[in-house]
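Observations on chain architecture
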Amino acid sequence: MPSPRLERQLRFILEIDRLKGVLRRTVLTDRSRRENSAEHSWHVALMAVLLAEHAAEAVDVGRVVRMLLVHDLVEIDAGDTFAYAVVAAGEKEARERAAAQRLFGLLPADQQQELLALWEEFEGRSTPESRFANALDRLQPLLHNLHTEGHSWVEHGVRKRQVVERTRVIGDGLPELWEYARRLLDDAVVRGWLEE
């Protein structure tokens, strides 16, 4: 029989498998299907390892990776909210807060506190690590859209100003990539992948 601690950890591990079933609006770069939130989390975590040298400030890459691996777990209960959807103020935050309490509450108290603190740090964007993590979280779907000729932008009639507003936090964590992304967005408008 596993110890009570191990039992709680295993229960959490099995519960978070459900993240693989949460579909996002972003399609894979081969356009074969929509990406799931677990794939997104893995992708941005690896991006952190690769792009840390470009961060606006020195960051603890291990902390950023852990943050990115937990940042979307709340979508198991709260679902994925489309980046450009109009959501009532506080509605998304309340759903995600309740999800964080339930999911991280499955863990032993010390791990519950650690993962909840990482999730809150990500949401707060007040540390170099959280600003870098948020920049990566916004950069990844932008790159997917650019590589798929604006697939989800075209599908949902997204305008350039919406993308700029949503992704401007890239500049907080990755200023060099934000300047590059802005040029790519201008090009996406010219190509008809994004409405002005």
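As a reminder, the structure under discussion sits directly above these lines.
Note that the structure is predicted; figures quoted are calculated from it, not measured.

**What to know about the nonpolar core**
- Judged by nonpolar contacts, the single largest core of 52 residues is most densely connected at Leu 68, Phe 104, Phe 132, Leu 142, Trp 153, Val 163 and Leu 194.
- Mapped by element, the contributors of at least two residues to this core are α2 (37-51), α3 (61-70), α4 (75-78), α5 (91-104), α6 (109-124), α7 (128-147), α9 (160-167) and α11 (175-191).
- Take this core: its biggest share by element is seven residues, from α7.
- Sequence-distant contacts of Phe 132, that is, excluding residues within four places in its chain, are made with Ala 48, Leu 51, Ala 52, Ala 55, Val 59, Val 64, Gly 173 and Leu 174.

**Description of the side chain of Arg 138**
- In this fold, Arg 138 is placed in helix α7.
- As a buried residue without a salt bridge, Arg 138 has its nearest oppositely charged side chain in Asp 137, at a separation of 4.3 Å.
- Engagement of the side chain of Arg 138 in a polar contact is seen with the backbone oxygen of Arg 166, the distance being 2.6 Å.
- Ignoring any residue separated from it by four or fewer positions in sequence, one finds Arg 138 in contact with Arg 125, Arg 166, Thr 167, Val 169 and Ile 170.

**Focus on the pairing of strand β1 (residues 23-27)**
- Sheet analysis places β1 next to strand β2 (residues 34-36), joined by two bridges and oriented antiparallel. Each residue of the ladder has a partner; that of Val 27, found in β2, is Arg 34.
- Joining the antiparallel neighbours β1 and β2 is a turn of six residues, in which Arg 31 adopts a positive phi near 65°.

**Examining unusual backbone geometry**
- The residue Arg 31 is not glycine, and still its phi comes out positive at about 65°.
- Assignment of secondary structure puts Arg 31 in the loop between β1 and β2.
- What makes Arg 31 partly exposed here is its relative accessible area of 40%.
- For Arg 125, which is not a glycine, the phi torsion comes out positive at approximately 50°.
- The residue Arg 125 is located in the loop between α6 and α7 in this model.

**Considerations on the environment of Glu 129**
- Tracing the chain through its elements places Glu 129 in helix α7.
- On the accessibility criterion, Glu 129 (13% relative accessible area) is buried.
- Separated by 67 residues in sequence, Glu 129 and Gly 62 have C-alpha atoms that sit 9.6 Å apart.

Cut-off values and rules
Think of each chain on its own: its residues are numbered from 1, step by step along the sequence as written. Only residues with pLDDT of at least 70 get local features here, since the model is predicted, and only at 80 or more are side-chain atom pairs given and counted; chain-wide, interface and lining totals rely on the full set of residues. Hydrogens and water are ignored here; the side-chain numbers use all heavy atoms of the structure. Joining through side-chain atoms within 4.5 Å is the link that ties buried Ala, Val, Leu, Ile, Met, Phe, Trp, Tyr and Cys residues into a set, and such a set is a nonpolar core. Think of it in three bands: residues with accessible area under 20% of the maximum for their type are buried, residues over 50% are exposed, and the middle band is partly exposed, with areas taken using a 1.4 Å probe on protein chains only. Runs of E in the DSSP output that reach at least two residues are strands. Runs of H or I that reach at least four are helices, and both are numbered from the N terminus. Contacts are residue-level and defined by heavy atoms, with any inter-residue pair within 4.5 Å sufficient. Lys and Arg are tallied as positive, Asp and Glu as negative. Neither His nor the chain termini are counted. Only one rule defines a salt bridge in this text: a Lys or Arg side-chain nitrogen within 4 Å of an Asp or Glu carboxyl oxygen. What qualifies as a polar contact is a pair of N or O atoms within 3.5 Å, subject to a donor-acceptor requirement within protein and to the restriction that residues adjacent in sequence count only when both atoms come from side chains. The pairing criterion for strands is at least two bridges between them, as found by DSSP.

Remember that the coordinates give geometry; whether it matters functionally is a separate question.
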